[in-house]
Amino acid sequence: MSFWGIVGLVLLAVIALSMLFAFFHIFFMLLPAIIVIALVIWLINHFTKKDDIPNTPSSGSSSWYDWRSDNNTQTKRKKARNVKTKDVDK
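Residues numbered from 1 in each chain as written. Predicted model: local features only at pLDDT ≥ 70, side-chain atom pairs only at ≥ 80, totals over all residues. Heavy atoms only, no water.

**Student:** Just checking my understanding: could you explain the packing of aromatic side chains for this structure?
**Tutor:** The way to describe two aromatic rings as a pair is by their centre distance and the angle between their planes. As enumerated under the stated definition, the model contains 4 aromatic pairs in all. By way of ring pairs, the aromatic residues Phe23, Phe24, Phe27 and Phe28 are connected into one cluster. (Phe/Tyr/Trp six-rings, centres within 6.5 Å; stacked < 30°, edge-to-face > 60°.)

If you want it as structure tokens, here you go:
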């Protein structure tokens, strides 16, 4: 590799490192503003959301919801006819 090839690689590395430094510098300067904006959005969402789940159980997981008891079901399923089951252990 010639002298100019080495100089070109070094200059390319210096430019790449300076761009990385500038990116992280800008990111860390904007980080407090990003955190404040995210906190404000979370607070607005936390205090204005409505509780859409009417039948949450008092015990167990708080994210459990019985979709079968939903009163807004559009389609009603028919009962299965002529259904036979087999025992798995046989």
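**Student:** When you look at helix H1 (residues 3-48) in this model, what are you seeing that I'm missing?
**Tutor:** Residues spaced three or four apart along an α-helix face the same direction, because each turn holds 3.6 residues. For H1, with 46 residues, the first-to-last C-alpha span of 66 Å sits near the 68 Å given by 1.5 Å per residue. Along its length, H1 shows its largest kink, about 40 degrees, at leucine 31, and proline proline 32 lies within four residues downstream of that point. (Helix = DSSP H or I, 4+ residues; strand = E, 2+ residues; numbered from the N terminus. Expected span 1.5 Å × (residues − 1). Bend = angle between axes of the 7 residues up to and from the residue.)

**Student:** Explain unusual backbone geometry here, please?
**Tutor:** What you tend to see is this: most non-glycine residues have negative phi, and most peptide bonds are trans. Backbone geometry places asparagine 82, a non-glycine residue, at a positive phi of 55 degrees. Here asparagine 82 lies in the segment after H1.

**Student:** Where do I start with a nonpolar patch on the surface in this structure?
**Tutor:** On the surface, Leu17, Leu20, Phe23, Phe24, Ile26, Phe27, Phe28, Leu30 and Ile34 cluster together into a nonpolar patch covering about 920 Å² of accessible area. Its location among the elements puts leucine 30 in helix H1. Under the relative-accessibility criterion, leucine 30 is labelled partly exposed at 46%. (Patch = residues over 30% accessible without salt bridge, like charges linked within 9 Å, V, L, I, M, F, W, Y side chains within 5 Å. Areas by Shrake-Rupley, 256 points an atom, 1.4 Å probe, with all protein chains shown as cover. Salt bridge = Lys/Arg side-chain N within 4 Å of Asp/Glu carboxyl O. Buried < 20%, exposed > 50% of the residue type's maximum accessible area, 1.4 Å probe, protein only.)

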